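Each chain, written out:
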Amino acid sequence: MGKKAVVLVSGGLDSTTCLAIAKSQGFKLYALTLSYGQRHQVEIQAARKVAKAYRVQKHLELRVPLTAFGGSALTDGKIRVPKSRSLQQMGKGIPSTYVPARNTVFLSLALAWAEVLGAEHIFIGVNAMDYSGYPDCRPEFIRAFEKLAKLATKKGVEGRWKLKIHTPLIRFSKAKIIKTGLKLGVDYAMTHSCYDPQRNGRPCGKCDSCLLREKGFKEAESQDPISRKN
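As a starting point, this report considers the structure included with it. Worth saying up front: this structure is predicted, and the values here are computed from it rather than measured.

Rules behind the numbers
- Residues numbered from 1 in each chain as written.
- Predicted model: local features only at pLDDT ≥ 70, side-chain atom pairs only at ≥ 80, totals over all residues.
- Heavy atoms only, no water.
- Helix = DSSP H or I, 4+ residues; strand = E, 2+ residues; numbered from the N terminus.
- Contact = heavy atoms within 4.5 Å.
- Polar contact = N/O pair within 3.5 Å; in protein donor to acceptor, adjacent residues only side chain to side chain.
- Buried < 20%, exposed > 50% of the residue type's maximum accessible area, 1.4 Å probe, protein only.
- Pairing = 2+ DSSP bridges.
- Right-handed = clockwise from strand over helix to strand, strands pointing away.
- Core = buried A, V, L, I, M, F, W, Y, C linked by side-chain atoms within 4.5 Å.
- Expected span 1.5 Å × (residues − 1).

Structural notes on the environment of Y98
- Here Y98 lies in the loop between helix 3 (87-90) and helix 4 (102-117).
- As a C-alpha pair, Y98 and Y134 span 36 residues in sequence and 6.3 Å in three-dimensional space.
- Contact partners of Y98, with chain neighbours within four places excluded, come to G71, S72, Y134, P135 and D136.
- Among the polar contacts made by the side chain of Y98, one reaches the main-chain amide nitrogen of A101 at a distance of 3.1 Å.

Structure below.
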């Protein structure tokens with residue numbers, strides 16, 4: 001049997017591809033999904049489909065109500081989700097969809113579970129190429145958290161734990177992520193990317209996430225199975 005790995009699974013395109021990569025590398029998969037009050041709750045349903053399809057050892061869902069803090073268009077209904085932005089606009093500044101310290105919170109929870117499981121591997125689908133300026137998607141953040149993890153855990157301090165945070169997509173364009181996933185047999189019809197979906201769960205097609213997804217499939221010369229045109 002392979003080594004244990006905790007994989008953060010949101011139900012999105014990137015995290016699903018990340019899960020597929022972890023599986024292809026022979027890891028025993030433990031999926032962690034966080035319901036943090038995001039307006040795109042439909043992604044939780046997508047995460048369940050993904051975890052089931054990959055037959056993970058266990059799929060753990062935790063409620064972390066970041067809505068109590070607000071401060072993001074994804075957790076505060078009074079803040080508008082940016083729409084119809086150009087790639088140039090997306091590359092300038094940190095957008096209102098940034099959720100304060102989200103990946104720090106997520107990785108901390110993954111770290112706690114990994115220590116209990118005795119898993120020395122955590123996978124997260126962060127991306128520093130086709131991304132919307134989030135500071136917690138950068139390689140330097142991941143490396144810093146990895147160092148912190150070894151100082152903040154019993155096994156780390158005792159020197160009995162060689163934790164590795166895997167970020168296989170961090171230098172990939174969205175097109176390369178999609179091509180990689182397709183080679184691994186990922187069914188992207190299971191995934192959800194939209195920040196501000198319609199009441200029926202269909203993507204808005206105009207938020208940054210929708211536009212980056214559309215761009216990725218176009219450059220990958222592939223049809224998005226959840227495209228509004230289908």
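Notes on the pairing of strand 1 (residues 4-8)
- With four of five residues buried, strand 1 lies mostly within the body of the structure.
- Bridge analysis of strand 1 against strand 2 (residues 28-35) gives five bridges, and the strand direction is parallel. The residue of strand 2 that forms the bridge with V6 is Y30.
- Each parallel crossover has a hand, and for strand 1 linked through helix 1 (residues 13-24) to strand 2 it is right-handed.

Digging into the nonpolar core
- Residues V6, L8, L107, I122 and I142 are the most contacted members of the largest nonpolar core, which totals 39 residues.
- Looking at this core, the elements that each hand over two or more residues are strand 1, strand 2, helix 4 and helix 5 (139-152).
- Sort the elements by how many residues they give to this core and helix 4 lands first, with seven residues.
- Excluding residues that lie within four positions of it along the chain, I122 makes contacts with V6, L107, A110, L111, A114, L163, K164, I165 and H166.
- If you look at the next biggest cluster of nonpolar residues, it comprises 28 residues, including I21, L169, F172 and M190.

Remarks on helix 1
- Over its twelve residues, helix 1 extends 17 Å from the first C-alpha to the last, a length consistent with the 16 Å expected when each residue adds 1.5 Å.
- Taking burial as the measure, the twelve residues of helix 1 include ten buried ones, the bulk of the element.
- Every buried residue belonging to helix 1 is among L13, D14, S15, T16, T17, C18, L19, A20, I21 and A22, and all of these are buried.
- Where the residues of helix 1 are buried, they touch strand 1, strand 2, helix 2 (42-53), strand 4 (121-123), helix 7 (174-183) and helix 8 (208-219).
- Where helix 1 ends, the next residue or the one after it, G26, has phi of about 85°, a positive value.

Considering unusual backbone geometry
- A positive phi angle, near 50°, is found at R55, a position not held by glycine.
- Backbone geometry places A101, a non-glycine residue, at a positive phi of 60°.
- Residue classification places A101 among the partly exposed residues on the basis of a relative accessible area of 34%.

All we've got here are geometric facts, nothing functional implied.
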